[in-house]
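Summary of the model geometry
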Amino acid sequence: MMALTRRAKSLGTLTEWQYPSLMVEMSALGHRTNEPVSIERETPYHLAEAVTRLTHQHHLDLSQAAHPTGLELEEFTEIYSCPSPPGRPWGSGLTNR
């Protein structure tokens, strides 16, 4: 919410008075530290499929694929081991060989 408010100010849709007023109100509601609703993390199906294909084409295991990204193996696997979207039989995610 805070980012949306900041963006609205930068786009000129909030006045110089509205912006600080909203910031004070959202702070009072605790939205500076916690969002009012949780948003499910997006699942990058197409990116996971591309990573899976490149990993197989270049005969890489997951630790080798994770290294250039700067991610730890666990985080890399969490991000790129996505199941296929419904109706798509290929790209079932990554496995560590």
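Residues numbered from 1 in each chain as written. Predicted model: local features only at pLDDT ≥ 70, side-chain atom pairs only at ≥ 80, totals over all residues. Heavy atoms only, no water.

Right, let's get into the overall build of the protein chain. Along the protein chain, the regular secondary structure elements total five helices and zero strands. When the helices and strands of the protein chain are placed in sequence order, the string is α-α-α-α-α. Taking all 97 residues of the protein chain together, 25% fall into the buried category. Sequence separation of at least 24 residues holds for 51% of the intrachain contacts in the protein chain that already meet a minimum separation of 6. Summing over all exposed atoms, the protein chain offers an accessible surface of approximately 7,300 Å²; the carbon and sulfur share of this is 57%. (Helix = DSSP H or I, 4+ residues; strand = E, 2+ residues; numbered from the N terminus. Buried < 20%, exposed > 50% of the residue type's maximum accessible area, 1.4 Å probe, protein only. Contact = heavy atoms within 4.5 Å. Areas by Shrake-Rupley, 256 points an atom, 1.4 Å probe, with all protein chains shown as cover.)

Our next topic: the packing of aromatic side chains. Taken as a whole and assessed by the stated rule, the structure comprises one aromatic pair. Pairing Phe76 with Tyr80 gives two aromatic rings, centres 4.7 Å apart and planes at 50°, and the pair type is tilted. Of this pair, Phe76 and Tyr80 both sit in helix H5 (residues 73-80), separated by four residues, roughly a single helical turn. Here Phe76 matches Tyr80 in class, with each residue buried. (Phe/Tyr/Trp six-rings, centres within 6.5 Å; stacked < 30°, edge-to-face > 60°.)

Opposite charge on two side chains permits them to pair, given that their charged atoms come into close proximity. Considering all chains together, one arrives at one salt bridge under this definition. Two residues, Lys9 and Glu16, come together in a salt bridge whose shortest N-O distance is 3.9 Å. (Salt bridge = Lys/Arg side-chain N within 4 Å of Asp/Glu carboxyl O.)

Here we take up the nonpolar core. Formed by Val51, Leu62, Ala65, Ala66, Phe76, Ile79 and Tyr80, the largest nonpolar core amounts to seven residues. Going through the elements one at a time, helix H4 (62-66) and H5 are the ones with two or more residues in this core. One finds Met2, Leu14, Tyr19 and Met26 within the second-largest nonpolar core, a separate group that totals six residues. (Core = buried A, V, L, I, M, F, W, Y, C linked by side-chain atoms within 4.5 Å.)

In low-pLDDT segments, the atomic positions of the prediction should not be examined closely. When pLDDT is averaged across the protein chain, the result is 79; 82% of the residues are at 70 or more. When mean pLDDT is taken per element in the protein chain, helix H2 (residues 18-28) scores highest with 91 and helix H3 (residues 45-57) scores lowest with 84. With pLDDT under 50 throughout, residues 88-93 is counted as low confidence; its partners more than four residues away or in other chains account for 17 contacts. (pLDDT = per-residue confidence, 0-100.)

For His59, which is not glycine, the phi torsion reads 55° and is therefore positive. By secondary structure assignment, the location of His59 is in the loop between H3 and H4.

Further remarks concern H3. Helix length check: H3, at 13 residues, gives a terminal C-alpha distance of 18 Å against a target of 18 Å (1.5 Å per residue), a fit within 8%. Three or more residues of H3 are buried, namely Ala48, Glu49, Val51, Thr52 and Thr55. Mapping the buried residues of H3 onto a view down its axis gives an arc of 165°, with all of them on the same face. With respect to the buried face of H3, the exposed residues turned more than 90 degrees away are His46 and Gln57. If you follow the buried residues of H3, they end up packed against H4 and H5. (Expected span 1.5 Å × (residues − 1). Arc of directions from axis to C-beta.)

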